[in-house]
Amino acid sequence: ENNSFQPTSLVADKLLGGLLASALDEGSCISRYHSSMYHKTSPYKPSLYLLSKLRKYENRHKRCGPYTKSYIKAVKELNSSHANRTTGCNYIVWLPANVLGNRIVSLASAFLYALLTNRVLLVHHGTDMDDLFCEPFPNTSWLLPADFPLKNQFDSFKMRNIHSHGNLLKNNNMSSSTMLQQPAFLLLYLAYDYEDHDKLFYQDQNQGFLRKVPWLILKSGQYFVPSLFSISTFRKELSILFPDRETVFHHLGRYLFHPSNKAWGLITRFYQAYFEKADERIGLQIRLFHPESSPSHLVMKQILSCTEKENLLPQLDKQKHVALASPFKNQTLKAILVASLHSIYYENLRNMYWMKPTVNGEAIGVYQPSHEEYQQFGDNMHNVKAWAEMYMLSMTDVLVTSTWSTFGYVAQGLGGLKPWILFIPDNQTIPDPPCQRAMSMEPCFHYPPSYDRKANMMLDNVDHGPHIRHCEDVSWGLKLV
Ligand code: GDP
């Protein structure tokens, strides 16, 4: 097989230690083969079992993907009231929920579910996600065809209320054991506002039933991977796939999300101008969910108190006007990348390093690629910029992120970085400590089934196992460590 793992160091490096298949056309997706020259080599190696699982997945996707014989047959069966299961191909259709960071982490979760249950992942996205990613699987497509029959029902009331897994269970006394026939398709509604009956997805005894449903339609927007580790059907295989639990998003993210040539242009032009010659790259991601209750002078103070305490940014020499170290000779260059919707933090930092020298006399460059001011919806270029910035943050050596932000999670996961998380103030006082080092590089699952959103309560006596902890930034959230 020509796309199997090739152990020679050069090829292996370019293909991220065998993570990527080699059978793809280089020009259509330059980032796929060039990203290893920009990212530091990852110290985390994918397990051989993950690699073989991915190669098997690629074959399955090629066999069952859009417009193959099996696909056409499976689509026809959507019209029958129950599953005939004659094609040998089962699918999970991913629907977008929330915005980009949430979409990326839920897409990775959907892919892991597809790996575990031998499904084929098809992606439905509106035009605002065009031009972000390359096709990840060789010689096929992961895009849901435009003529997919259920497409105009995806957001309908009927889908959520009649065709959802949760609803089916509700109507059958919360148990799938009494149901004799599998429907041809079901919606898995796993978004932040899901209800108790939707959460039954996470119960082991319901997975057997789901296995026989040919089409699952998933709406989530969440990084639900930690709770897959709690389902005993999957636990053993997950531990072989990922002996190092905190590398799930790191590997799957690097496998799936390759910037399109358009995004790669933004990324590499920035890199070459500001990062390439730097001795150290520092990323600051400042995300404010309630800018009105987080005054910028307070946020700025917090950023500085965090970076000073943890020694992340070069220290200023406030007594001097000019550094004593001789210029030009072995001078260290440090590049600070600020990602934020707002420009004030960038302006303050740039000004700070212009007005005063640093104690060690380093040259400091401060850059912010964009400041979009407002979060925009449905705009493709806005998303390309956001994606490019997440990716550029992943190329840093030191990363500071903000509470609650999937934008930051994507950057840390792709980069293999444990960031310092800023606990953004929203009650006019700076939290103490101002930031905390993340336990692992994994994203946080914000709304696990063990959290009751309406009552704002965590359910007690849930055993999450040794590798799952509550998140640093969301007390009821869960993450792998
Ligand atoms: P989260 O809300 O922080 O979890 O991250 P999401 O990516 O899900 O949503 C935030 C959205 O706001 C992004 O997708 C961007 O559209 C926009 N946004 C937030 N922060 C930034 C930033 O630093 N740079 C850019 N370009 N866009 C941002």
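All of these numbers come straight from a predicted model, not from anything done at the bench.

## Describing the side chain of His39
Now for step 1: Inspection of the secondary structure assignment puts His39 in the loop between helix H2 (30-38) and helix H3 (48-64).
Now for step 2: With relative accessibility at 8%, the residue His39 sits in the buried group.
Now for step 3: At 2.7 Å, the side chain of His39 and the side chain of Ser394 are in polar contact.
Now for step 4: Residues contacting His39, with those up to four places away along its chain left out, are Arg254, Tyr391, Ser394, Met395 and Leu414.

## Re the sheet that holds strand S1 (residues 90-95)
Now for step 1: The sheet built from four strands is open, its strands ordered S2-S1-S4-S3 with parallel pairing. A strand with exactly one partner marks an edge of an open sheet, and here the two such strands are strand S2 (119-123) and strand S3 (185-189). Neighbour to neighbour, the strand axes of the sheet diverge by 25° on average, direction disregarded.
Now for step 2: Looking at chain direction, S1 and strand S4 (residues 215-219) are connected through five bridges and run parallel. In the strand pairing of S4, Trp94 is matched with Leu218.
Now for step 3: Strands S1 and S2 of the sheet are contacted by H3, whose axis makes an angle of about 65° with S2.

## Some details on the site of the ligand
Now for step 1: The local shell around the ligand holds 19 residues, among which Gly101, Arg287, Glu389, Ser405 and Thr406 are the closest.
Now for step 2: In this structure, Gly101 approaches the ligand through a main-chain N or O atom, which is 2.7 Å from an oxygen atom.
Now for step 3: Separating an oxygen atom of the ligand from a backbone N or O atom of Phe407 is a distance of 3.4 Å.
Now for step 4: In isolation the ligand exposes 560 Å². Once the protein is present, 98% of that is buried.
Now for step 5: Going through the elements one at a time, helix H5 (100-116), strand S6 (333-340), helix H16 (380-393) and helix H17 (406-415) are the ones with two or more residues in the shell around the ligand.
Now for step 6: Of all the elements, H16 adds the most residues to the shell around the ligand, at four residues.
Now for step 7: Of the residues belonging to the shell around the ligand, the class tally is nine nonpolar, eight polar and two charged.

## A short note on the nonpolar core
Now for step 1: The biggest cluster of nonpolar side chains holds 112 residues, and the ones touching the most others in it are Leu121, Trp215 and Trp387.
Now for step 2: Residue contributions to this core peak at twelve residues, all from H5.
Now for step 3: Apart from the residues within four sequence positions on either side, Trp387 is in contact with Leu100, Ile104, Leu132, Phe133, Phe257, His258, Pro259, Ala263, Val410 and Leu414.
Now for step 4: With 25 residues, the next largest nonpolar core counts Ile303, Val366, Val398 and Val400 among its residues.

## Considering the pattern of salt bridges
Now for step 1: Counting across every chain of the model gives 16 salt bridges.
Now for step 2: Between Glu472 and Lys479 there is a salt bridge whose closest N-O contact spans 3.2 Å.
Now for step 3: The exposure class assigned to Lys479 is buried, which follows from its relative accessible area of 2%.
Now for step 4: Linked by salt bridges that have partners in common, Lys40, Arg281 and Asp397 make up one network.

## Quick notes on the packing of aromatic side chains
Now for step 1: One pass over the full model with this rule turns up 35 aromatic pairs.
Now for step 2: Judged by centre distance (6.1 Å) and plane angle (85°), the rings of Tyr71 and Tyr91 are edge-to-face. In this pair, Tyr71 is assigned in helix H4 (residues 69-76) and Tyr91 in strand S1, connecting sequence segments 20 residues apart.
Now for step 3: Classification of Tyr71 as buried rests on a relative accessible area of 3%.

## Section: the pairing of strand S7 (residues 363-367)
Now for step 1: Pairing of S6 with S7 involves five bridges; the strand directions are parallel. Across the sheet, the residue bridging to Leu333 is Ala363, located in S7.
Now for step 2: In this fold, the crossover linking S6 to S7 by way of helix H15 (residues 344-355) has right-handed handedness.

## Focus: the domain arrangement of the protein
Now for step 1: Taken domain by domain, the protein consists of domain 1 (9-256) and domain 2 (269-440).
Now for step 2: A C-alpha centroid distance of 33 Å is found between domain 1 and domain 2.
Now for step 3: At the interface, 23 residues of domain 1 touch 28 residues of domain 2.
Now for step 4: Buried area between domain 1 and domain 2, both sides added, is near 2000 Å², and the carbon and sulfur share of it is 60%.
Now for step 5: Between domain 1 and domain 2 we count two salt bridges in total.
Now for step 6: Viewed at the interface, domain 2 and domain 1 are joined by eleven residue pairs in polar contact (both at pLDDT 80 or more).
Now for step 7: Among the elements of the structure, H2, H5 and helix H12 (248-256) are those that each provide at least two residues to the side of domain 1 that touches domain 2.
Now for step 8: For the side of domain 1 that touches domain 2, the residue count by class is ten nonpolar, seven polar and six charged.

Definitions and limits used
- Residues numbered from 1 in each chain as written.
- Predicted model: local features only at pLDDT ≥ 70, side-chain atom pairs only at ≥ 80, totals over all residues.
- Heavy atoms only, no water.
- Helix = DSSP H or I, 4+ residues; strand = E, 2+ residues; numbered from the N terminus.
- Buried < 20%, exposed > 50% of the residue type's maximum accessible area, 1.4 Å probe, protein only.
- Polar contact = N/O pair within 3.5 Å; in protein donor to acceptor, adjacent residues only side chain to side chain.
- Contact = heavy atoms within 4.5 Å.
- Pairing = 2+ DSSP bridges.
- Axes fitted to C-alpha atoms, helices over the stretch in contact; angles between N-to-C directions.
- Near = heavy atom within 4 Å.
- Areas by Shrake-Rupley, 256 points an atom, 1.4 Å probe, with all protein chains shown as cover.
- Nonpolar A, V, L, I, M, F, W, Y, C, P; charged D, E, K, R; others polar.
- Core = buried A, V, L, I, M, F, W, Y, C linked by side-chain atoms within 4.5 Å.
- Salt bridge = Lys/Arg side-chain N within 4 Å of Asp/Glu carboxyl O.
- Phe/Tyr/Trp six-rings, centres within 6.5 Å; stacked < 30°, edge-to-face > 60°.
- Right-handed = clockwise from strand over helix to strand, strands pointing away.
- Domains from an automatic or database assignment.
- Buried area = accessible area lost by both parts, 1.4 Å probe.

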